[in-house]
Structures are given as structure tokens and as C-alpha cells.
Amino acid sequence: MSLYFSNVVLHRGPSATKEEDHCIMRKSNNYWPVSSGENQMDMDKTKDNSIAMKSLNADDRALLYPKLGPYFDDGQRRVDYVLTYQIAKPISIRQKSPKMKENNFIRKIQRSLSMRGSRAHLQPKEDPEITSDEDDKQNKREEFEKNLLETGLELEKADECKIAGIGFLKIHAPWAVLCREAEFMKLKMPTNKVFEVKQASNIVEKIRMFIHKVTSPLHPKVKSNKQESVKSLCHPFSKEKEDLFDFSDQEHFFDSKTRSSIVYEVLKRTKCTQKDPMYSMGLSSLLAEVVYTSAYPPHDGDIEGVQALPNDRKTLYEEWASYCVFYKYQPIGLISMEICDPRNNITMCPLCDRACGYWKLVAACGTARASHLFDNPATVFFSIFMALWAVLFMEHWKRRQMRLNYVWDLTSFGEEEEEEHKDNNRAEYELLVMQKAMRRVNSDSKNEKMKLTCTDRLPFYLNAAAMMAFMITVTFVIVFGVVLYRISIKTALEINTSAGAGYNVRATVKTTAAIINLIVIIILDEIYGVIARWLTILEVPKTDKSFEERLIIKTFILKFVNAFTPIVYLAFFRGRLVGRPGNYFYVVGSYRMEECAHAGCLMELCIQLCITMLGKQLIQNNLFEIAIPKLKKMLHKKTSKMDKKQQEELIKTLQQHEKDHFLGPFVGLNPEYMEMIIQFGMVTLFVASFPLAPLFALLNNIIEIRLDAKKFVKEFRRPIAVRAKNIGIWYKLLRGLSKVAVIVNAFVISFTSDFIPRLVYQYMYSPDTTMHGFVNHSLSYFNVSDFQPGTGPTQPTIQGQKVELCRYKDYREPPSSSTPYDFSKEFWAILAARLAFVVVFQNVVMLMRDFVDWLIPDIPKDISLRIHKEKVLMVDLFMKQKHGMKLAPQEVHNRKSCTASSSNQSLQHC
């Protein structure tokens, strides 16, 4: 995916038809920030092209300039960005649309404020929805486009050429604008200076090269994955340093992703003050008011069909978005057997009041065997391994991130530049500021710069906090409802005396409850995502970055609580709020809190994790992502007035930017990051109870990588390329989860499993330091005569024998003790051992984490050496230029093959 965002080359598409002859092309040579020489050069170039074009007829032009990509009608100037807008019908036939009545809260506020500010100038009475709204949009578009022309951009309009009701504004950035903006944005571009990178001869480097050769079949067939032996030095672009850069091929000096990024920056800066000088509207405001309906850079070509000539999008579709290459890397540059012994004829106390009878411990043999798969000494070492794996994963990502920064020339891209490109006021913020300014227009502070304060936002903050608390409470209530379901269904099934029903009671209740939890989690996930966005909008963040971070935090809290509340309940609360026979804990009247099986709740926790993880991945992450886009396409085709053949013929005649109009808008990467964060939590937080979680996550990711790739390449419009040094707040969330995972796994091993009680028994109470007798040691006695009235079983016998004493899992004093049913000394010894284990486990693992963190440097050694050598070479190049040393052509050629080894040798060849 990153390859597509970073290296995309445009190709020319099919020639325009005669139906497009009325499309207007407007351009301006008024490049006010550009020097006159550069401006004249562009004018001469355009003039020569225009003269040449005039001498050719339409067919000759089509042959001379074949359109193999998004280009202007002249076949030369590429389309760097596209704005679409609705084309208004003539006033005489214009009708009020139902959408107009309900659409656009922002537009209505804008209109009311405009009318309030112009009360002194009364206009003739007419319906503003019918007569003035479209004219107002047209005027705003004209002013905005005029301002775009003044910045030096070239525009070409296509009013309703092929798609009814949709007009396209194609934008091209000429060479002078690209140079000006690249210098302003401090874009690092390759210079003439290149150096050969020789690999070091140490053992680590030899091992790395050997691994690379062995895994070469796993690499995609893209150019960027080859071992680069020569690298160009990169330096922030400056038009004054012409000797540093090769301007011979101006057409491809700036690639398409850089061109679209530059145009996007210009679009964000350009303002429109139509009818209201106090309120300047940028592109986001114009989109919010539906002056323009969408804005996007065009794709670089088709991916299927006879017209799909080689391009990076097609390469990505074949080498990234195909399930046939699932094995390849991503083109990122593009149990105690005493329970089962029938001789231990132990009679257990009833699991519910009245309806449940006494039962034999041997009946829990199957559950105990299954629990032993996860509840054994190996669980501790696996938990430690996974904690260290989480550290290694984070360290590997930091190193990988640094390597990508170097490859993509972002090593000198600081936080100031990142903030500068993200700190653009949102349209909603500007609108509320304008509304506040209108209320204070007659006050003494009318000349002060208006902004929204915490006091202005306080109602929104309180509303967001209340809604968040309410939704979390809803999650708890639903989980409690599932608990009541388990209690009631279990009691109902126990009443059924058939052998089959009695044998499958626990499995039935566990599985159905887990499925209900899964369904609720999936439904609430979708609801919480909408609510989090709504709450964030109400807070009116100032910038897009602030909006994104607040949205991520709210969504993460709601979805994390939603996914993990049932799991936390099973791990830490079930079986601990039960009480004891004769003094059980009841909720909602007569519902007795459920208890764990004799082997513990670990098996049930495993079932819940398995169903939740697999269900979310298969249904929510994969099925929804496949089904929803296809359903939208089917709905669009059914609502279309054309039949299938007509639609296919229309698609063949559309240009690339027009085809992109039918694709879904790119909604960002936050949903994909959120999936990975929840999955990371499933893998690390409760891995002690579900060791298969990493395997399931790996299988899911193999599928989802290709699924997401197909979605990004085929189903969505092309996103804006944005420079960033890291993944931002997501890394902090990952690192926080990896630290919490250590504590959670320590408590799972200590309190949920029987690992600590077994250890205490073996070394403190076992007569022969073995586990023989552990089951009997872990069971307490209860005299059935101590049952509270109405709670004892209706059947007081088992296998024809009357029961006087029954056993239950707990460490309490026997009925004959002076303090019957109080916690025994064994209970306190085991509790102390549990707490001690948590402290020791946490500190040992944290110490090992810190050691691994210190041992592995954040920056790979070869990358740090290359960065250092590039700086030395760049200083050498500047010093020679400063002293006026002009390099001969042969010397330039020799310098291009200059050797800069990755060892600590001096750069004598350079």
C-alpha cells in the first residue's frame, strides 16, 4: 500500500470525444510568486504547443497525443487533481430537491448569518432554496477558481460531458508552481550526486544477505524490492541550487504523488470570501457547503481490460491485491488425573438451587482434560515469551519505520513540518468562530482575533463525557444480561432429566452465550463508531489532526470496552462472586451467581476468546468489507436508468478521472488501524488462556492484507499522499497495550488458572512433593443440613444413597471447625503466593523488556552509517560549489560511480 502512495506514474488515456468540445479550458499566466524568467519560459512553451496544436485537426491530435491516462484535452498536461460539482438546471425548470430540505446544517447556518448581516439591503422576495442557492455556489466556485488561477494553477472545465449532472474541474500544476511549492514545502528531491553502497563484510551483514537471497521468491516483482547498489543523495528542493538537481526531464522530475500533494497544499491555502469578507472559506468549507461535491487525485490508469497499460496501480493489483501472492511480502515500497479417576467417588454440591442435584466429580473429567491443554506450567513460559515478543515487535517496527524514513527521504522531516501540514482549521470550527464574531460585532473587542475557548466548548465536553459513560454502562448491562441468560438457561436445562441434555448442559450454555456476546459486540462496534464520530464533531476540534486524535481515542475506548468486557468478566470475576453453599450470592431476586467448573474458568475463557476473535475477523473485518462494497455496486446498477450493456459502453468512453468519480471515497486508515489494535489486544492480553490467538491472527492477516489491497486499489479513490515520520498515536496505543498485557497475563496465570494452588500444594502440603491428593486438598466440605430453607435440592439422594456431606471448590474450614466455613489458612497462603507471583512475574518480564529495548538500537546500524555518509558527501558537494569548482562531464561521471562503503573507512574515493 505504501508503494502506491509513494511511487505512482501517470499514463495517458483515451482521446476525448467530440461531445467534449464545449468543455472550457481556462488558464492563467499570472504566477505572482514566480520569477518572470520562469513564467516566460512556461508561456513560451504553452504558446509553442498551442501553435502546433492549431495546425492539426482533431484526428491528427488524437494520434499525436494518445490519451493513456488523466490528461487535459491537449494530451500534454496531466491532471494532478480533480474537483467535482453539481451542475444546476435552468431556473425555469429548477425544482426543490428533497435532499435540499434536509441537507447541510452548515449551509443553513451560513445562509442565516448572511441574511442577518445584510438586513439593511433587502432583496426581492424569492425562495432562496430555488433561486439563490445554486447561483451562490456558482459565484463561490468562480471566485475560488479565479484565486486558483492567480496561484499559477491551470484549470480545465468539463461541464456535464458524459456523466449527467456532474461537472469536473481538472487541475494541472505547471513546472513553475511545482518548483515554488516544493521549495516552500521543503520536499527532499534526488540530486545529481549518487554513490555506490557496498555492503559490509561482518557476520551480521552476511547473515542478512543470505536471508535476503533465500527469501527472494517471497518478494513481489516490483522494482523497489531489488537490492539498490546506487542511491542518489537527496536534499530539500531549491530552485536557486540548479546545479544540484537534474532538470532535463521536467515531466518526470516530480512523480504523480508529489504533484497531487503539492496541488492539495495549494487548494488548502486558497480561500474564497464570496459575500462575506469576514469569513474566508477554504476547500474543506466549500466541500462542507457542497459548493464542490468531492475532491480527489486521479488514479494512474486502469487495472483490467485491454486499455490497462502497464502502470503502478496495475502492478499493485497483481502483486499486492491478489490472493495468489499471499505468501509474498507486501510491496511496501509500492491437566491432575484425579478428577477422571472413578475411584475418587467424590460427591459435589449442587450447581443451582432446588432444580440441580448432587453430582460426581468424575463428570467434569472432559472439561478438566481440555483445560489442561492451556492450564499447565508451559503457560507461564509462553506468556513470558509473548510479552517479550510484544517488545521485539515494537522494536522491529521502530527499526522498520526508520528504514522506511530513510528510503522515502523523511529522515530530516521534523515535527514542525508535520504540524504545519496538518494544522489547517476545519470548516465547522471556522463557521462557529464566524457565528461568535457575528454575536459580538458591536462589542468593544470586535477587532480581536476570535477563537473558540474551553468555555465555548464546555457543553460539548460534558455531553461527550456523559455519552461515553452511558455507552460504557450499556456495555456492562448487556454483559450482565448475558450472565443472567447463562444462569437461567443452565437451570432450565438442568430440570430436563434426559441423559443427553444433562451431559451437554455446560457446552450448550458456554457456546450460545459466546455467540450472543459476539453478535452484540459486532452490532455495538458499528454503533459506537458512529457515536464516537458524532461526539467528536460536536466538540468542534480546530484542526484535522486534533479531530483525528480525539476520534481515535473515543473510538478505541468504546470498542475496547465492548470487545473485552465479557472476557474480563470471565477471567477475573466469574466464580469469585458466588459465595458458598448455604450462603450464596444472589442478584435480581433469585438468580444465584454462576460459578466456574471444577477445572476453573480458563476453558470457558478460551471458548469466549476463540469465538469472539474468529467471529470479528471473519464477519466484521472480512465479510463486511467484501459484501458492503459489492452491495453498493449492485444497488447503483439497479438504480441506474441504463442497462448493463449501455453501462459497459459508457465506461469505455470515460476518462480516468471520470471513472474515479464512481469509486468510493477514501475514508482513511483509522478503521484498519483499529482492527489491528483490537487484534493485538486479543493476541497479547489473554494469550495465557488462548495460546492459539497468534496463529489465528496470522491466518487472518494473510487474507486481510490482500483484501485490503484489493479494496484500496480497485474500490476506493486515490488517497492524498501525506508525509509523516511515524504512525502517531497508534504507536502509543500499541506500546500501552504491550505493557498492560504483562500485568493482565500475570493475573490470569495467578488468579484464573490453578497454577499457583498446584505449586503451593506441591511444595507446602504434599507429603511426597507430588500432585497426588491435590484435588481432595482443593475441595471443602459442606453439611447439607446447613442449606438455607428452600435452596436445597429437591432430590436429596444420588445413586440411591442419601447425601449428608458434599464438596465444593474453595479453601474453607469444615463444618466441625470452631469457625465453620471461614477461609482456611491454606486460602491465605495461596492468596499470598498469587500476589507474590504477580509482582515477581511483572518485574521480571518488565526487566527483560527494558533489557531488550536497550539492547536493540532504534536505528539500524547500516542506516545510521548511510545517513552519516550522505551528510559528508553533501557537505563536500556544497564546499566544491562554494569555491566555484565546476565539474567536468567526465568528473561528474566518475562521481556518479563514487564508492561509499558501509564500513568505517574514509571516503577517499569521493
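Residues numbered from 1 in each chain as written. Predicted model: local features only at pLDDT ≥ 70, side-chain atom pairs only at ≥ 80, totals over all residues. Heavy atoms only, no water.

Trainee: I tried to follow the overall build of the chain on my own but got confused; where do I start?
Mentor: Looking only at helices and strands, the chain features 31 helices and 18 strands. The proportion of buried residues among the 910 residues of the chain is 48%. Taken as a whole, the chain presents about 46,200 Å² of accessible surface, with 61% of it coming from carbon and sulfur. (Helix = DSSP H or I, 4+ residues; strand = E, 2+ residues; numbered from the N terminus. Buried < 20%, exposed > 50% of the residue type's maximum accessible area, 1.4 Å probe, protein only. Areas by Shrake-Rupley, 256 points an atom, 1.4 Å probe, with all protein chains shown as cover.)

Trainee: Sorry if this is basic, but what is going on with helix H26 (residues 729-752) here?
Mentor: Given 3.6 residues per turn, any residue in an α-helix points the same way as the ones three and four places further on. An ideal rise of 1.5 Å per residue puts 34 Å on 24 residues; H26 measures up with 32 Å between its terminal C-alpha atoms. Counting buried residues along H26, 17 of its 24 residues qualify, which places the element largely inside the surrounding structure. (Expected span 1.5 Å × (residues − 1).)

Trainee: In this structure, what is going on with a nonpolar patch on the surface? I would like to understand it.
Mentor: Together, Ile207, Phe210, Ile211 and Val214 make up an exposed nonpolar region whose accessible area comes to about 410 Å². Considering the arrangement of structural elements, one finds Ile207 in helix H8 (residues 203-214). Taking the relative accessible area as the measure of exposure, Ile207 reaches 47% and is therefore partly exposed. (Patch = residues over 30% accessible without salt bridge, like charges linked within 9 Å, V, L, I, M, F, W, Y side chains within 5 Å. Salt bridge = Lys/Arg side-chain N within 4 Å of Asp/Glu carboxyl O.)

Trainee: When you look at the pairing of strand S2 (residues 81-86) in this model, what are you seeing that I'm missing?
Mentor: Taken residue by residue, a regular strand's side chains alternate between the two faces of the sheet. The element S2 is extensively covered by neighbouring structure, given that five of its six residues are classed as buried. Relative to strand S7 (residues 294-296), S2 runs antiparallel, the two being bridged by three bridges. The residue of S7 that forms the bridge with Thr84 is Ser294. (Pairing = 2+ DSSP bridges.)

Trainee: What should I look at first to understand unusual backbone geometry in this one?
Mentor: Apart from glycine, the bulk of residues carry a negative phi angle, and the bulk of peptide bonds sit in the trans form. Despite not being glycine, Lys186 shows a phi value in the positive range, around 60°. Here Lys186 shows up in the loop between helix H7 (175-185) and strand S5 (188-198). Classification of Lys186 as partly exposed rests on a relative accessible area of 47%. We note that Asp409 has phi near 55°; this positive angle belongs to a residue other than glycine. Relative to the elements of secondary structure, Asp409 occurs in the loop between helix H14 (378-407) and helix H15 (415-422).

Trainee: Hey, could you run me through the state of the cysteines in this one?
Mentor: Across all of its chains, the model carries two disulfides by this definition. Across the disulfide from Cys349 sits Cys806; the S-S distance is 1.9 Å. Taking the sign of the S-S torsion, 85° for the link of Cys349 and Cys806, the bridge is right-handed. Residue Cys349 is located in the loop between strand S8 (347-348) and strand S9 (359-360), and its partner Cys806 is located in strand S17 (residues 805-809); the two are separated by 457 residues in the primary sequence. With relative accessibility at 4%, the residue Cys349 sits in the buried group. (Disulfide = S-S within 2.5 Å.)

Trainee: It is not clear to me how the packing of H26 against helix H29 (residues 825-855) should be interpreted in this structure. Could you clarify?
Mentor: Axes are the key here: two packed helices are described by the angle between their axes and the distance separating the axes. The contact between H26 and H29 brings their axes to 9 Å, and the two run at 150°. Comparing their axes, H29 and H26 come out roughly antiparallel. As for the relative orientation of H26 and H29, their crossing is right-handed in sense. On the side of H26, the interface is formed by Arg735, Ser738, Lys739, Val742, Ile743, Ala746, Phe747, Ile749, Ser750 and Phe751, while H29 contributes Leu831, Arg834, Leu835, Phe837, Val838, Phe841, Gln842, Val845, Met846, Arg849 and Asp853. (Axes fitted to C-alpha atoms, helices over the stretch in contact; angles between N-to-C directions. Parallel < 35°, antiparallel > 145°, perpendicular 65-115°, else oblique. Left-handed = near helix turned anticlockwise from the far one by under 90°. Contact = heavy atoms within 4.5 Å.)

Trainee: I keep staring at the environment of Val744 and nothing clicks. Help me out?
Mentor: Topologically, Val744 is positioned in helix H26. Judged by relative accessible area, which is 15%, Val744 ranks as buried. As for Val744 and Val687, which are separated by 57 residues in sequence, their C-alpha atoms are 9.5 Å apart. Sequence-distant contacts of Val744, that is, excluding residues within four places in its chain, are made with Phe572, Leu685 and Phe686.

Trainee: It is not clear to me how the packing of helix H27 (residues 755-765) against H29 should be interpreted in this structure. Could you clarify?
Mentor: Two numbers describe how H27 lies on H29: the axes approach to 9 Å, and their chain directions differ by 120°. In this view, H27 runs oblique relative to H29, as classed from their interaxial angle. Handedness of the H27/H29 crossing: right-handed. Together, Phe755, Ile756, Pro757, Val760 and Tyr765 of H27 and Lys825, Glu826, Ala829, Ile830, Ala833, Arg834 and Phe837 of H29 make up the contact between the two elements. Considered class by class, the residues forming the contact of H27 with H29 number nine nonpolar, no polar and three charged. (Nonpolar A, V, L, I, M, F, W, Y, C, P; charged D, E, K, R; others polar.)

Trainee: Would you mind showing me how to read helix H21 (residues 602-639) here?
Mentor: Taking 1.5 Å of rise per residue, 38 residues should cover 56 Å, and H21 covers 52 Å from first to last C-alpha, within 8% of that figure. Along H21, the largest kink reaches about 45° and is centred on Leu623. (Bend = angle between axes of the 7 residues up to and from the residue.)

Trainee: Just checking my understanding: could you explain the pattern of salt bridges for this structure?
Mentor: Any two side chains of opposite charge can pair, so long as their charged atoms come close to each other. In the structure shown here, the tally under the stated rule is 29 salt bridges. In this structure, the salt-bridge partner of Asp853 is Arg735, at a minimum N-O distance of 3.1 Å. Here the residue Asp853 occupies a position in helix H29, and Arg735 occupies one in helix H26, the gap between them amounting to 118 residues. Judged by relative accessible area, Arg735 falls into the partly exposed class, the value being 24%. Here Asp754 ties to Lys809 by a salt bridge, and the two come within 2.9 Å at their closest N and O atoms. Residue Asp754 is located in the loop between H26 and H27, and its partner Lys809 is located in strand S17; the two are separated by 55 residues in the primary sequence.

Trainee: It is not clear to me how the environment of Ser412 should be interpreted in this structure. Could you clarify?
Mentor: Secondary-structure assignment places Ser412 in the loop between H14 and H15. Residue classification places Ser412 among the partly exposed residues on the basis of a relative accessible area of 45%. Separated by 313 residues in sequence, Ser412 and Lys725 place their C-alpha atoms 9.2 Å apart.

Trainee: I'm lost on the side chain of His172 in this one. Help?
Mentor: Among the structural elements, His172 can be located in strand S4 (residues 166-172). In terms of polar contacts, His172 uses its side chain to reach the backbone carbonyl oxygen of Arg78, at 2.9 Å. Leave out the neighbours within four places in its chain, and His172 touches Phe72, Arg77, Arg78, Asp80, Leu153, Glu154 and Arg259. (Polar contact = N/O pair within 3.5 Å; in protein donor to acceptor, adjacent residues only side chain to side chain.)

Trainee: I'm lost on the nonpolar core in this one. Help?
Mentor: In a soluble, globular protein the nonpolar side chains are often hidden away together inside. Residues Phe564, Leu605, Met613, Phe686 and Phe841 are the most contacted members of the largest nonpolar core, which totals 65 residues. The element contributing the most residues to this core is H26, with 13 residues. Look past the residues within four positions of Phe564 in its chain and what remains in contact with it is Ile678, Gly681, Met682, Leu685 and Phe686. Counting residues in each nonpolar core, the second largest holds 44 residues, with Leu83, Val177, Leu267 and Cys272 among its members. (Core = buried A, V, L, I, M, F, W, Y, C linked by side-chain atoms within 4.5 Å.)

Trainee: Can you walk me through the confidence of the model for the chain in this structure?
Mentor: When pLDDT drops low, the exact placement of atoms in the prediction is not to be read closely. Considering every residue of the chain, the mean pLDDT works out to 75; 74% of them sit at 70 or more. Averaged over each element, pLDDT in the chain is lowest for helix H1 (residues 2-6) (35) and highest for strand S14 (residues 779-783) (91). When the criterion is pLDDT under 50, residues 1-68 qualifies, and its contacts beyond four places in sequence or with other chains add up to 153 contacts. The low-confidence segment residues 91-126 (pLDDT under 50) makes 48 contacts with residues lying over four places distant or belonging to another chain. (pLDDT = per-residue confidence, 0-100.)

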